Amino acid sequence: AQSVAQPEDQVNVAEGNPLTVKCTYSVSGNPYLFWYVQYPNRGLQFLLKYITGDNLVKGSYGFEAEFNKSQTSFHLKKPSALVSDSALYFCAVRGGDSSYKLIFGSGTRLLVRP
Amino acid sequence: NAGVTQTPKFQVLKTGQSMTLQCAQDMNHEYMSWYRQDPGMGLRLIHYSVGAGITDQGEVPNGYNVSRSTTEDFPLRLLSAAPSQTSVYFCASSVQGAGYTIYFGEGSWLTVV
């Protein structure tokens, strides 16, 4: 069965510093990995995804994520955080024997302080 | 571009009442799904559909029914609302295939008292 773990409930970072939001996954076969962001009282917005190819994936708003197959991780990164990046971030996986289902992690709240 | 449209945005129900959350998409997507979001638990899949006339259960299907009579619409029915169904509900859709991005509606906030 597919599963996703986001080990940190909250990540705090100062504006201008780099940020990392961690995600590990478990799926049989090839994983399709996604990051979404949720602002208060809004739906989920797609940030980026890994399907195949280059392990470093670039997405919206300056975010990128690195796929590491040996560590089964897909960490979200940004070189320089903005206060406006403060939101709830979800990692999700699709693939394996339940290829249609998108399974989410529990979410990580990112707080960027001025 | 309408995308995925959910109605209503907010709803308060009494225990035992029934209601339907509506979801429509205008992108001709084969795959549609319903999630519920609860604090600290992420989004959990309730039901999903891979095309008109085809539905299947997700992780937390109990207390909910779905049908898919057209490609565009995927309503979620609460048969007899319970306080445990107080949650935020999201409808989502995508093109068929695991590598395609799933797009979400803006959510429906449901409170059962």
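Rules of the game
Residues numbered from 1 in each chain as written. Chains lettered and ligands numbered in written order. Predicted model: local features only at pLDDT ≥ 70, side-chain atom pairs only at ≥ 80, totals over all residues. Heavy atoms only, no water. Helix = DSSP H or I, 4+ residues; strand = E, 2+ residues; numbered from the N terminus. Rg over C-alpha atoms; globule rule 2.2 N^0.38 Å. Buried < 20%, exposed > 50% of the residue type's maximum accessible area, 1.4 Å probe, protein only. Lys, Arg positive; Asp, Glu negative; His and termini not counted. Charge placed at Lys NZ, Arg CZ, Asp CG, Glu CD. Salt bridge = Lys/Arg side-chain N within 4 Å of Asp/Glu carboxyl O. Contact = heavy atoms within 4.5 Å. Buried area = accessible area lost by both parts, 1.4 Å probe. Polar contact = N/O pair within 3.5 Å; in protein donor to acceptor, adjacent residues only side chain to side chain. Pairing = 2+ DSSP bridges.

Student: How should I be thinking about the overall build of chain A in this particular structure?
Tutor: A count of helices and strands for chain A gives 0 helices and 12 strands. Scanning chain A from its N terminus toward the C terminus, one meets helices and strands in the order β-β-β-β-β-β-β-β-β-β-β-β. Relative to the compact-globule value of 13 Å for 114 residues, chain A shows a C-alpha radius of gyration of 13 Å, a close match. Overall, the C-alpha framework of chain A stretches about 45 × 30 × 20 Å when taken along its three principal axes. Burial statistics for chain A: of 114 residues in total, 46% are counted as buried. When the 11 basic and 8 acidic side-chain charges of chain A are each reduced to a single mean position, those positions are 5 Å apart.

Student: Just checking my understanding: could you explain the pattern of salt bridges for this structure?
Tutor: Proximity of charged atoms lets side chains of opposite charge pair with each other. All names here are of chain A. As enumerated under the stated definition, the model contains 6 salt bridges over all chains in all. Here K58 ties to E64 by a salt bridge, and the two come within 2.9 Å at their closest N and O atoms. What makes K58 exposed here is its relative accessible area of 62%. Across the pair E66 and K77 runs a salt bridge, and its minimum N-O distance is 3.3 Å.

Student: Just to check I follow, could you spell out the interface of chain A and chain B for this structure?
Tutor: Often, the extent of an interface is quoted as the loss of accessible area upon association of its parts. Tallying the contact residues gives 23 residues for chain A and 26 residues for chain B. Interface area for chain A against chain B, summed over the two sides, is near 1900 Å², with a carbon-plus-sulfur share of 58%. Looking only at chain A, the three residues that lose the most surface to chain B are R94, Y100 and K101 of chain A, adding up to 30% of its buried area. Joining chain A to chain B, the criterion identifies 1 salt bridge. Where E106 of chain B meets R42 of chain A, a salt bridge forms, and the shortest distance between an N and an O atom there is 2.7 Å. Counting every contact that joins chain A to chain B gives 7 residue pairs in polar contact (both at pLDDT 80 or more).

Student: Honestly, the pairing of strand β3 (residues 19-25) of chain B in this entry has me stumped. Any pointers?
Tutor: Side-chain direction in a regular strand flips from residue to residue, so the side chains alternate between the two faces of the sheet. Residues and elements named next belong to chain B. Burial along β3 is one-sided: the residues M19, L21, C23 and Q25 are buried and none of T20, Q22 and A24 is. Examined bridge by bridge, strand β1 (residues 4-7) and β3 share 4 bridges and lie antiparallel to one another. Within the sheet, the bridge partner assigned to V4 lies in β3 and is Q25. Looking at chain direction, β3 and strand β8 (residues 76-78) are connected through 3 bridges and run antiparallel. Looking at β8, one finds that L21 is bridged to L76.

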